[in-house]
Amino acid sequence: MATALLDRIRSIFEGDPGVRKVADDPVLSAELLMLFRMILADGSVSESEMEAFRGICSGSFGIPEDSIDAVIEYLNEYGYETNGSQAIAMFRDLDIERRRLLAQHMAEIAKADHHLADNEVKLLRRTLELLDISPVDVVKS
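Residues numbered from 1 in each chain as written. Predicted model: local features only at pLDDT ≥ 70, side-chain atom pairs only at ≥ 80, totals over all residues. Heavy atoms only, no water.

**Quick word on the overall build of the protein**
So, point 1. A tally of regular secondary structure across the protein gives nine helices and zero strands.
So, point 2. Reading the helices (α) and strands (β) of the protein from amino to carboxyl end gives α-α-α-α-α-α-α-α-α.
So, point 3. The long-range share in the protein, meaning contacts at least 24 apart out of those at least 6 apart in sequence, stands at 72%.
So, point 4. Looking at the protein as shown, the accessible area adds up to about 8,100 Å², and 53% of this sits on carbon and sulfur atoms. (Helix = DSSP H or I, 4+ residues; strand = E, 2+ residues; numbered from the N terminus. Contact = heavy atoms within 4.5 Å. Areas by Shrake-Rupley, 256 points an atom, 1.4 Å probe, with all protein chains shown as cover.)

The structure is reproduced here in structure tokens:
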């Protein structure tokens, strides 16, 4: 109880911990922007895609569940400054496992609504090309 109160007070003075985590890590910011672009690729935002995004944020990146809405708001406010090519450029020099993880997360979001739209396939295909990843690597992992 006291810890939760201290965390809330700290959050007031220092900002949301999830947003701080994303803001302090340009690669994480770029990855979340790419995932968000995948959500928007088919022209609509489904609840299942948002659930997949939230699961990735909390499960893979340790972003607290109660911070995810603030992280999305942060991405909406500051993400317009980074286009998809710029975001992908941050991944080119990373190890293959980290690049594969981005591709797997994008595929997970694309499949979340049980319908792969042409624009989702195009975005994923182009991302795989830019990351120098084989589609087989994404499927088999």
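Text resumes after the structure shown.
**Some points on the nonpolar core**
So, point 1. Leu32 and Phe53 are the most contacted members of the largest nonpolar core, which totals 40 residues.
So, point 2. For this core, the secondary structure elements donating two or more residues are helix H2 (17–23), helix H3 (26–40), helix H4 (47–61), helix H5 (68–78), helix H6 (84–89), helix H7 (96–111) and helix H8 (118–131).
So, point 3. Of the residues forming this core, the biggest block, 10 residues, is contributed by H3. (Core = buried A, V, L, I, M, F, W, Y, C linked by side-chain atoms within 4.5 Å. Buried < 20%, exposed > 50% of the residue type's maximum accessible area, 1.4 Å probe, protein only.)

**Section: the packing of H3 against H8**
So, point 1. Viewed as axis vectors pointing N to C, H3 and H8 meet at an angle of 150°, and their least axial separation amounts to 9 Å. Between H3 and H8, the angle is such that the two are roughly antiparallel. As for how H3 packs across H8, the hand of that crossing is right-handed. On the side of H3, the interface is formed by Met34, Arg37 and Met38, while H8 contributes Glu120, Leu123, Leu124 and Thr127.
So, point 2. Residue composition of the contact of H3 with H8, grouped by class: four nonpolar, one polar and two charged. (Axes fitted to C-alpha atoms, helices over the stretch in contact; angles between N-to-C directions. Parallel < 35°, antiparallel > 145°, perpendicular 65-115°, else oblique. Left-handed = near helix turned anticlockwise from the far one by under 90°. Nonpolar A, V, L, I, M, F, W, Y, C, P; charged D, E, K, R; others polar.)

**Points about the side chain of Thr127**
So, point 1. Looking at where Thr127 falls in the secondary structure, it is placed in helix H8.
So, point 2. Take Thr127: its relative accessible area is 2%, and that puts it in the buried class.
So, point 3. With sequence-adjacent residues up to four places away left out, Thr127 is seen in contact with Met34, Ile88 and Met106.

**Some thoughts on H5**
So, point 1. If you check which residues of H5 are buried, you get Ile68, Val71, Ile72, Tyr74 and Leu75. Looking straight down H5, one finds that the buried residues subtend no more than 160° of arc, so they occupy a single side.
So, point 2. Check the buried side of H5 and you find it contacts H2, H3 and H4. (Arc of directions from axis to C-beta.)

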